[in-house]
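Chain by chain, the residues:
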Amino acid sequence: MKTVLITGANKSIGFEAARQLLQQGYFVYLGSRHLQKGWEAAGKLKAEGLNNVEAIQIDVSNAKSIASARKELGKKLQSLDVLINNAGIRGAVPQTASTVNIDVIREVFDTNFFGVIEVTQTFLDLLKNSDAPRIVNVTSGLASLTLHSDPKWKYYSVKGAAYGPSKSALNAYTVVLAYEFRNTKFKVNAVDPGYTATDFNDHRGTGSVEDAAKRIVRYVTIGEDGPTGVFFSDDNNPETGVSPW
Ligand SMILES: NC(=O)c1ccc[n+]([C@@H]2O[C@H](COP(=O)([O-])OP(=O)(O)OC[C@H]3O[C@@H](n4cnc5c(N)ncnc54)[C@H](OP(=O)(O)O)[C@@H]3O)[C@@H](O)[C@H]2O)c1
């Protein structure tokens, strides 16, 4: 049975990705920074008959928590097939470039960028033991610097100095990680779930968590001929699903 660790999976898009992967026969380690919330989320899935799920405490902005999650998983597994770096925060708004509090930028980068790198590095040894390791970094359409330079883009005016840049940095990390593993069995991609109604945006998003999670699951389940080092966004390019960086 394939195994997957999803960070920030106690609710919203991460939770729905857990559900869809359980339905496809994966064993899901449901990451949650508060274990109680993780237990509750796992309980909901079990109540639906999706039993191959276990909550695991992991705060991606806390090195000790990441290390103990690795230790915990190491007791249960020799190898991990999939890592979904989903946990993310927007940070306090507005994030006006000339006035944003530097602490807001640091907080957002701690979770969305440094957190992803630390989690990835910590679980790499287990992923390397998989026959077909997959890493999906959950990014945002707002990460595209190319589109941010195009006045005709629908999100052209949605500019902030913390959240978007943290995801652009995450994309850059995705490129270099995919490059490092280009001749291996790894597939490493950045996937935008789309503008989705969740707590993240006070449910102003226009898409559903089902569609958002489907986009993530699509790149979890790619085969050995599948892409690596690509920024996928249906929102930024409905025709090809590939976004410019
Ligand atoms: N919703 C959108 O429109 C949209 C669009 C593009 C990209 N995204 C990205 O999609 C991902 C999921 O977003 P969402 O809409 O599902 O957001 P959400 O409803 O706010 O849920 C975020 C999840 O991440 C967790 N989290 C936050 N900080 C964490 C940390 N330090 N350690 C571990 N978990 C942490 C939250 O845990 P708690 O419950 O404990 O807070 C929650 O489980 C994010 O990376 C976001 O940037 C979302």
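This section reports on the structure supplied with the text. All figures in this text were calculated on a predicted structure; none of them were measured in a lab.

## Overview of the environment of Phe231
Argument step 1. With respect to the secondary-structure elements, Phe231 resides in strand β7 (residues 231–232).
Argument step 2. By relative accessible area, Phe231 is classed as buried at 0%.
Argument step 3. Taking the C-alpha atoms as reference points, Phe231 and Ser144, separated by 87 residues in sequence, lie 9.0 Å from one another.

## Describing helix α1 (residues 12–23)
Argument step 1. End to end, α1 covers 17 Å across 12 residues, agreeing with the expected 16 Å (1.5 Å per residue, within 8%).
Argument step 2. A large share of α1 lies buried, amounting to 10 of its 12 residues.
Argument step 3. Residues Ile13, Gly14, Phe15, Glu16, Ala17, Ala18, Arg19, Gln20, Leu21 and Leu22 constitute the buried set of α1.
Argument step 4. Lining the buried residues of α1 we find β1 (3–6), β2 (27–32), α2 (35–47), β3 (53–57), β4 (82–85) and α7 (209–220).

## Description of the sheet that holds β1
Argument step 1. As summarised here, the arrangement of the seven strands in space is β3-β2-β1-β4-β5-β6-β7, forming an open sheet in which the pairing is parallel. Both edges of this open sheet fall to β3 and β7, since each of them pairs with a single strand only.
Argument step 2. Pairing analysis gives five bridges linking strand β5 (residues 134–138) to strand β6 (residues 187–191), with the strands arranged parallel. Following the sheet pairing, Val138 is matched in β6 by Val191.
Argument step 3. Packed onto the sheet, helix α3 (residues 63–76) meets β2 and β3 and runs at close to 145° relative to β3.
Argument step 4. Running over the sheet, helix α4 (residues 102–128) touches β1, β4 and β5 and is turned about 175° from β4.

## A few points about the packing of aromatic side chains
Argument step 1. Evaluated as defined, the whole model comprises eight aromatic pairs.
Argument step 2. Considering the side-chain rings of Phe181 and Phe186, the 4.3 Å spacing of their centres and the 20° angle between planes classify their relative orientation as stacked. Accessibility classification places Phe181 together with Phe186 in one group, the buried group.
Argument step 3. Seen from their ring centres, Tyr219 and Phe232 are 3.8 Å apart, and the 15° between their planes marks the pair as stacked. Residue Tyr219 is located in helix α7, and its partner Phe232 is located in strand β7; the two are separated by 13 residues in the primary sequence.

## What about the nonpolar core?
Argument step 1. Ranked by internal contacts, the top residues of the largest apolar core, which has 35 residues, are Leu73, Leu80, Phe123 and Ile135.
Argument step 2. At the level of elements, β2, α3, α4 and α6 (163–180) are the ones that each hand at least two residues to this core.
Argument step 3. With sequence-adjacent residues up to four places away left out, Ile135 is seen in contact with Leu83, Asn85, Thr120, Leu124, Leu127, Leu177, Phe186, Lys187, Val188 and Asn189.
Argument step 4. Formed by 33 residues, the second largest nonpolar core is a distinct cluster that contains Leu30, Ala42, Leu50 and Ile216.

Calculation notes
Residues numbered from 1 in each chain as written. Predicted model: local features only at pLDDT ≥ 70, side-chain atom pairs only at ≥ 80, totals over all residues. Heavy atoms only, no water. Helix = DSSP H or I, 4+ residues; strand = E, 2+ residues; numbered from the N terminus. Buried < 20%, exposed > 50% of the residue type's maximum accessible area, 1.4 Å probe, protein only. Expected span 1.5 Å × (residues − 1). Contact = heavy atoms within 4.5 Å. Pairing = 2+ DSSP bridges. Axes fitted to C-alpha atoms, helices over the stretch in contact; angles between N-to-C directions. Phe/Tyr/Trp six-rings, centres within 6.5 Å; stacked < 30°, edge-to-face > 60°. Core = buried A, V, L, I, M, F, W, Y, C linked by side-chain atoms within 4.5 Å.

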